[in-house]
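Residues per chain, in single letters:
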Amino acid sequence: MKAVPGLLRVASVLLAYRLDELVEAAHLFRPLKVLRPFVARPHTDVTKLSRGERLRLALTELGPIFVKAGQVLSTRRDLVPADIADELAQLQDQVPPFPGTEARVIVERELKAPVTARFGSFDETALASASIAQVHAATLPDGRAVVVKVLRPGIEKKIARDVSLLRSLGELAQRWHPNADKIRPLDVVAEVEKMLENELDLQREGASASLLRRNFASGADLYVPEVHWDLTTSGVLTLERVYGVSADDVAAIDAAGIDRKALAAKGVRVFYEQVFRDNFFHADAHPGNIWVDVQRADEPRFIALDFGIMGSLPEADQYWLAQNFIALFERDYARIARLHVDAGWMPSNVRLDELEAAVRTVCEPYFTRPLSQISLAELVVKLFQTARRFELTLQPQLILLQKTLLNIEGVGRTLDPDIDIWSVAHPVLKRILRQRYNPLRTLREGAKRLPEWFHAAPQFPELIRDTLRQAAYGEVRQKSDPLLLLQQQAAARQQHRTLFCGLLGGSLLLTASLLALASGIVGIWPAFVVGAAGVAAFVAGWPRRLK
């Protein structure tokens with residue numbers, strides 16, 4: 001019952017913007033249509049707007065939390081019509097700032113010291129203001145310029161209240177909306193909650209900025225401002241102040257004499273390095289958060305801002321996604337179909353020939369165009385939409401990556417409308433894959449895990465004995481299918497062989513490393529021979545596909 005006033009307000013705004021289909025979807029709202037002339041007075045020009053524009057304006061009027069929900073919904077292009085997704089992608093959560101005196105009080109409370117003791121100066125006029133926090137300019141006692149991000153007072157309670165209302169709306173939509181199984185409103189609400197939870201912890205944002213800065217330590221392609229940890233808490237974040245222009249400010253970039261074509265190509269490379277080299281990417285890469293350093297005309301670079309929304313992928317998904325991109329670049333549709341099943345994104349009973357044909361149907365029309373006119377982001381979105389017919393299961397991280405790909409390609413085409421995303425991305429991705437998945441890296445990763453393997457090894461005889469005992473006493477149920485039983489036995493033998501050879505190979509490589517360190521005494525050949533034996537053990541134990 002507590003949510004009823006809020007729900008009525010939402011319904012009133014939706015009616016005001018003539019979003020009748022949304023009102024029709026929830027039985028609770030339907031009686032309001034009779035009272036529409038009294039509870040909702042539409043703007044005179046609302047009938048001239050598209051449905052996407054009307055929804056965007058309605059969410060803006062409802063407030064910051066609904067704006068966040070719209071931003072998340074804009075990423076679900078596999079679920080939301082393209083015209084609505086395009087409009088929702090334009091949502092901005094700019095709101096009037098709260099008084100600078102309050103910001104000062106919050107900073108002093110968080111840092112447990114007067115502002116004058118921690119800063120040389122602190123400007124109470126906000127540089128920028130959003131729904132969660134606002135930013136103030138300041139200087140350190142030594143004169144260095146910084147910015148101080150401060151959470152809005154009472155924001156946690158306000159967000160908790162609004163999220164509760166949003167959840168109630170999601171439950172109504174889940175129950176009554178005719179396309180609830182496709183829109184999945186409760187999943188959208190869950191994504192909003194997770195996003196807001198991350199953005200409310202500024203120390204987490206600082207940690208994200210710090211890691212991204214370390215990944216691009218040279219600063220040649222992407223510059224990330226330094227975090228001042230002694231002036232950062234969960235409620236206050238202090239960063240080095242940086243200067244630049246928005247990535248979509250073409251006039252300013254041209255005035256600085258920067259080669260926009262080279263800059264656009266660099267932006268695409270930086271994105272693929274973040275995703276596939278570092279597995280840590282900026283997931284809110286719209287032009288307002290991606291600046292260009294106009295002071296470096298000869299060697300242009302980007303500047304990253306606002307690290308509240310970052311993305312990463314499980315290592316397995318990262319590998320499968322990279323392989324899918326390579327197969328897409330090479331138009332290997334059969335491989336794309338097989339990769340989707342091998343990755344576990346689709347059930348194993350999917351007809352691969354049908355999936356291959358569906359992928360070909362989506363991709364082939366694109367390849368009739370010049371490569372510079374192909375939108376990789378658009379193609380990936382359509383592939384996800386097609387794959388949903390085959391029970392595709394996607395993790396939220398992949399949806400976040402899809403949104404970022406759209407943003408990055410948008411920035412790239414703003415800078416260079418003729419950019420050939422394919423020719424830029426393909427060699428970068430192949431180079432990264434060669435570096436990430438090669439025998440030397442495998443050996444290094446194996447050496448790192450040797451202590452874990454040695455620690456677990458004494459437990460295996462007992463585990464095998466217990467399993468055999470349970471089987472002998474009938475405590476382990478065996479499958480009646482003889483073929484399945486043979487496959488299980490073969491799999492068990494393969495696991496034992498892999499474990500034994502892995503332990504043996506790791507031990508030999510560790511011994512080879514020690515012999516190499518002592519090569520001045522025993523020579524290099526013992527280390528070479530033992531190392532070769534270790535590699536042979538790994539090869540012998542490498543998992544093989546069961547027939």
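Residues numbered from 1 in each chain as written. Predicted model: local features only at pLDDT ≥ 70, side-chain atom pairs only at ≥ 80, totals over all residues. Heavy atoms only, no water.

Engineer: How should I be thinking about the overall build of the chain in this particular structure?
Structural biologist: Looking only at helices and strands, the chain features 25 helices and 10 strands. Scored against the burial criterion, the 547 residues of the chain give a buried share of 46%. For the chain, the proportion of contacts with a sequence separation of at least 24, taken over those separated by at least 6, is 68%. Summed over all atoms, the accessible surface of the chain reaches about 28,300 Å², with 57% contributed by carbon and sulfur. (Helix = DSSP H or I, 4+ residues; strand = E, 2+ residues; numbered from the N terminus. Buried < 20%, exposed > 50% of the residue type's maximum accessible area, 1.4 Å probe, protein only. Contact = heavy atoms within 4.5 Å. Areas by Shrake-Rupley, 256 points an atom, 1.4 Å probe, with all protein chains shown as cover.)

Engineer: Any chance you could explain the pattern of salt bridges here in plain terms?
Structural biologist: All chains considered together, the criterion is met by 20 salt bridges. In this structure, Lys 149 engages Asp 306 in a salt bridge whose closest nitrogen and oxygen atoms are separated by 3.6 Å. Linking Lys 149 in strand β3 (residues 145-151) with Asp 306 in the loop between β9 (302-304) and β10 (310-311), this pair joins segments that are 157 residues apart in sequence. A relative accessible area of 17% places Lys 149 in the buried class. A cluster of three or more residues bridged by salt bridges with shared partners is formed by Glu 273, Arg 277, Asp 278 and Arg 431. (Salt bridge = Lys/Arg side-chain N within 4 Å of Asp/Glu carboxyl O.)

Engineer: I keep staring at the nonpolar core and nothing clicks. Help me out?
Structural biologist: Across soluble globular proteins, nonpolar side chains show a tendency to be buried alongside one another. Ranked by size, the top nonpolar core spans 114 residues in total, and within it Leu 212, Tyr 272, Phe 276, Phe 325, Leu 376 and Leu 429 carry the most contacts. At 9 residues, helix α14 (residues 260-278) tops the list of elements feeding residues into this core. Ignoring sequence-local partners within four residues, the contact set of Leu 376 consists of Tyr 272, Phe 325, Leu 328, Phe 329, Leu 405, Glu 409, Ile 421 and Trp 422. Membership of the second largest hydrophobic core comes to 15 residues, among which are Val 107, Phe 119, Val 148 and Leu 231. (Core = buried A, V, L, I, M, F, W, Y, C linked by side-chain atoms within 4.5 Å.)

Engineer: Help me out: how do you make sense of empty space enclosed by the protein in this one?
Structural biologist: It is a probe the size of a water molecule, rolled over the atoms, that shows where empty space is left. Enumeration over the complete set of coordinates arrives at 5 cavities of 30 Å³ or more. Lining the largest cavity are 15 residues, and of these Asn 324, Ile 336, His 340, Leu 383 and Phe 384 sit closest to its centre. If you list the elements that add at least two residues to the lining of the largest cavity, you get α15 (315-329), α16 (333-342), α17 (352-363) and α18 (376-387). Broken down by element, the residue count for the lining of the largest cavity peaks at 5 residues, all from α18. Each residue belonging to the lining of the largest cavity can be placed in one class, and the counts come to 12 nonpolar, 3 polar and no charged. In this model, the second largest cavity occupies a volume close to 160 Å³. Elements supplying a minimum of two residues to the lining of the second largest cavity: α14, β7 (281-282), β9 and α19 (396-415). (1 Å grid on protein atoms, 1.4 Å probe; cavity = no way out; pocket = protein on both sides within 12 Å on 5 of 7 lines; lining within 4 Å. Points joined across faces, edges and corners; volume = space filled by probe spheres on them. Nonpolar A, V, L, I, M, F, W, Y, C, P; charged D, E, K, R; others polar.)

Engineer: For this particular structure, what's the right way to read the sheet that holds strand β1 (residues 121-129)?
Structural biologist: Picture the strands of a sheet paired through backbone hydrogen bonds; they go either parallel or antiparallel. If you walk across this open sheet you meet the 4 strands as β1-β2-β3-β5, and the pairing is antiparallel. Whereas interior strands pair on both sides, the edge strands pair on one side only; in this sheet they are β1 and β5 (236-240). For this sheet, the mean angle separating the axes of adjacent strands, direction not counted, is 30°. Note: strand β2 (residues 133-139) against β3, 7 bridges, orientation antiparallel. When the bridges of β3 are listed, Ala 137 appears paired with Val 147. Contacting β3 and β5, helix α12 (residues 202-215) runs over the sheet at an angle of about 25° to β5. (Pairing = 2+ DSSP bridges. Axes fitted to C-alpha atoms, helices over the stretch in contact; angles between N-to-C directions.)

Engineer: Would you explain α15 in this entry?
Structural biologist: For an α-helix the count is 3.6 residues per turn, leaving residues at separations of three or four pointing the same way. Compared with the 21 Å implied by 1.5 Å per residue over 15 residues, the 21 Å span of α15 between its first and last C-alpha is a close match. Extensive coverage of α15 is indicated by the burial of 12 of its 15 residues. What α15 keeps buried is the set Asp 317, Gln 318, Trp 320, Leu 321, Ala 322, Gln 323, Asn 324, Phe 325, Ile 326, Ala 327, Leu 328 and Phe 329. (Expected span 1.5 Å × (residues − 1).)

Engineer: What am I meant to see in the environment of Ala 69 here?
Structural biologist: Note that Ala 69 resides in helix α5 (residues 64-75). For the pair Ala 69 and Leu 59, spaced 10 residues apart in sequence, the C-alpha to C-alpha distance is 8.5 Å. Here Ala 69 is in contact with Leu 166, Val 188 and Val 192, once residues within four sequence places are set aside.

Engineer: Help me understand the sheet that holds strand β8 (residues 290-292) in this model?
Structural biologist: Strand order in this open sheet of 4 strands is β4-β9-β8-β6, and the pairing throughout is mixed. Each end of this open sheet is capped by a strand with a single partner; those strands are β4 (222-223) and β6 (245-246). Sheet topology note: the β6/β8 ladder contains 2 bridges and is antiparallel. Bridged to Val 245 within β8 is Val 292.

Engineer: Help me understand the packing of aromatic side chains in this model?
Structural biologist: The geometry of an aromatic ring pair is captured by two quantities: the separation of the ring centres and the angle between the planes. Applying the stated criterion across every chain, the model contains 8 aromatic pairs. For the ring pair Phe 119 and Phe 122, a centre distance of 6.2 Å and an interplane angle of 50° mean the geometry is tilted. Taking the relative accessible area as the measure of exposure, Phe 119 reaches 3% and is therefore buried. Relative to Trp 320, the ring of Tyr 319 has its centre 5.2 Å away and its plane inclined at 70°; by these criteria the two rings are edge-to-face. Taken together through their ring pairs, the aromatic side chains of Phe 271, Tyr 272, Phe 276, Phe 325, Phe 329 and Trp 422 make up a single cluster. (Phe/Tyr/Trp six-rings, centres within 6.5 Å; stacked < 30°, edge-to-face > 60°.)

Engineer: How do you make sense of the environment of Val 236 when you look at a structure like this?
Structural biologist: Looking at the element boundaries, Val 236 is found in strand β5. Note on Val 236: relative accessible area 0%, which makes it buried. C-alpha of Val 236 to C-alpha of Leu 202: the two residues are 34 residues apart in sequence and 6.2 Å apart in space.

Engineer: Help me understand the packing of α17 against α18, please; the structure alone is not making it clear to me.
Structural biologist: Following both chains from N to C, one finds α17 and α18 inclined at 150°, their axes separated by 10 Å at the closest point. The two elements α17 and α18 meet at a crossing, and its hand is right-handed. Contact residues: Ala 358, Val 359, Val 362 and Cys 363 in α17; Leu 379, Lys 382, Leu 383 and Thr 386 in α18. In the contact of α17 with α18, the residues fall into 6 nonpolar, 1 polar and 1 charged. (Left-handed = near helix turned anticlockwise from the far one by under 90°.)

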